[in-house]
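# What the coordinates show
Spelled out from the first residue to the last, the chains are:
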Amino acid sequence: GQQVQQSPASLVLQEGENAELQCNFSSTATQLQWFYQSPGGSLVSLLSNPSGTKHTGRLTSTTVTKERRSSLHISSSQTTDSGTYLCAIDPAGGYKVVFGSGTRLLVSP
Amino acid sequence: EAAVTQSPRNKVTVTGGNVTLSCRQTNSHNYMYWYRQDTGHGLRLIHYSYGAGNLQIGDVPDGYKATRTTQEDFFLLLELASPSQTSLYFCASSPDSSQNTLYFGAGTRLSVL
């Protein structure tokens, strides 16, 4: 079956430091999304990036499809970035999005 | 912005109880999903639907039924709730496009005692 593995499982930063989150997946993906889950539990989509590099605000995602990996770079982290970051893929030919277990980020002041 | 509304937000029931979780989306999306989220497992797909009257089995369907009554409404039914179904449940929808971006509801926290 499809698997999505994220690393690290948790990350603690000082405000202003950069974060690098990794996502590796075991099957071909036609779509890859990064989600943010707040400490309160709500989930929002950050960006979709099935291949190449994409920027939005302080976020940069780079996906290398043939190597089945994606990264999410958060620059100049802020305390409000604290939460869990989830990577999800949409395996080729299906609509069943598969999620990783997430990276829990804590940014301290 | 897509709107997905779940109710109730919190629910406590007893083992063997009957629970219905509701989800409504108001953006004419064809696809709707029910996930559960548990520590160490991330989000796991329970059931999903392509449209009104359609139902597809997800990855962890045991103990759950679902029904898509309209394009807007998707229900998750636990007819004999068990403590193992204590979890955070999310509903999501996505448009009928190749991007397949998911829009999530706020979640329902269910406790089965």
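Look up: the structure comes first, before these words.
Presented here is a report on the structure given in the accompanying data block. (Residues numbered from 1 in each chain as written. Chains lettered and ligands numbered in written order. Predicted model: local features only at pLDDT ≥ 70, side-chain atom pairs only at ≥ 80, totals over all residues. Heavy atoms only, no water.)

### Thoughts on the overall build of chain B
In plain terms, the rule: The helix count covers DSSP runs of H or I at least four residues long, the strand count covers runs of E at least two residues long, and both are numbered beginning at the N terminus. Each radius of gyration reported is based on C-alpha atoms, and the globular scaling rule is 2.2 Å times the count of residues to the power 0.38. Buried residues are those whose accessible area, probed at 1.4 Å on protein chains only, stays under 20% of the maximum for their type, while exposed residues exceed 50% and partly exposed ones sit between those limits. Whether two residues are in contact is decided by their heavy atoms: any pair within 4.5 Å suffices. Charge counting treats Lys and Arg as positive and Asp and Glu as negative, with His and both chain ends excluded. By convention, the charge on Lys lies at NZ, on Arg at CZ, on Asp at CG and on Glu at CD.
Of regular secondary structure, chain B possesses zero helices and 11 strands. Its helices and strands in sequence order give chain B the pattern β-β-β-β-β-β-β-β-β-β-β, from N to C terminus. Its C-alpha radius of gyration of 13 Å places chain B within 12% of the 13 Å reference for a compact globule of 113 residues. Of all 113 residues assigned to chain B, the portion counted as buried reaches 48%. At a minimum sequence separation of 6, the contacts of chain B that also span at least 24 residues come to 54%. Charge-centre separation for chain B: the mean point of 8 positive side chains lies 8 Å from the mean point of 8 negative side chains.

### A closer look at the pairing of strand S9 (residues 83-91) of chain A
Residue and element names in this part refer to chain A. The condition is simple: For two strands to pair, DSSP has to find at least two bridges joining them.
Where burial is concerned, most of S9 is hidden: nine out of the nine residues are buried. Pairing analysis gives eight bridges linking strand S4 (residues 29-37) to S9, with the strands arranged antiparallel. When the sheet's bridge partners are listed, Gln 31 is paired in S9 with Asp 90. Pairing of S9 with strand S11 (residues 103-108) involves three bridges; the strand directions are antiparallel. Across the sheet, residue Tyr 85 finds its bridge partner in S11, namely Thr 103. Sheet analysis places S9 next to strand S10 (residues 98-99), joined by two bridges and oriented antiparallel. Along S10, the bridge assignment pairs Ile 89 with Val 98.

### Observations regarding the sheet that holds strand S7 (residues 65-68) of chain B
All names here are of chain B. Applicable threshold: As a rule, the C-alpha atoms of each element are fitted with a line to give its axis, helices using only the stretch in contact, and angles between N-to-C directions run from 0 to 180 degrees.
The strand order across the open sheet formed by four strands is S1-S3-S8-S7, and the pairing between neighbours is antiparallel. The open sheet has two edge strands, strand S1 (4-7) and S7, and neither has a second partner. Going from strand to strand, the sheet's axes swing by 15° on average, the running direction of each strand aside. Relative to strand S8 (residues 73-78), strand S3 (residues 19-25) runs antiparallel, the two being bridged by six bridges. In the strand pairing of S8, Ser 22 is matched with Phe 75.

### A few points about a nonpolar patch on the surface
Residue and element names in this part refer to chain B. Inclusion rule: Without a salt bridge and with relative accessible area above 30%, a residue can belong to a patch; like charges are then joined within 9 Å and nonpolar side chains (Val, Leu, Ile, Met, Phe, Trp, Tyr) within 5 Å. Per-residue and other accessible areas were derived by the Shrake-Rupley procedure at a 1.4 Å probe size, with only the shown protein chains allowed to occlude residues. Salt bridges are defined as contacts in which a side-chain nitrogen from Lys or Arg sits within 4 Å of a carboxyl oxygen from Asp or Glu.
On the surface, a cluster of nonpolar side chains totalling about 310 Å² of accessible area is made up of Val 12, Val 14 and Leu 113. Along the chain, the position of Val 14 falls in the loop between strand S2 (10-13) and S3. Of the residues examined, Val 14 reaches a relative accessible area of 51% and is grouped as exposed.

### What to know about the interface of chain B and chain A
As a reminder of what qualifies: Accessible surface is computed with a 1.4 Å probe, and the buried area is the amount of it that two parts give up when combined, taken over both parts together. Think of a polar contact as two N or O atoms within 3.5 Å of one another; within protein, one of them needs to be a possible hydrogen donor and the other a possible acceptor, and neighboring residues in sequence only count if both atoms come from side chains.
Of the residues lining the interface, 22 residues belong to chain B; the matching set on chain A comes to 16 residues. Around 1,600 Å² of area is buried between chain B and chain A when both sides are counted, 53% of it from carbon and sulfur atoms. Summed over the shared surface of chain B and chain A, the result is zero salt bridges. The interface formed by chain B and chain A includes two residue pairs in polar contact (both at pLDDT 80 or more). For the side of chain B that touches chain A, the secondary-structure elements that each account for two or more residues are strand S4 (31-38), strand S5 (42-49) and strand S9 (87-94) of chain B.

### So, the side chain of Gln 37 of chain A
Mapped onto the elements of the fold, Gln 37 of chain A is located in strand S4. Residue classification places Gln 37 of chain A among the buried residues on the basis of a relative accessible area of 7%. Among the polar contacts made by the side chain of Gln 37 of chain A, one reaches the side chain of Gln 37 of chain B at a distance of 2.8 Å. Those residues in contact with Gln 37 of chain A that lie beyond four places of it in its chain are Ser 42, Leu 43, Gly 83, Thr 84 and Leu 86 of chain A together with Gln 37, Leu 88 and Phe 90 of chain B.

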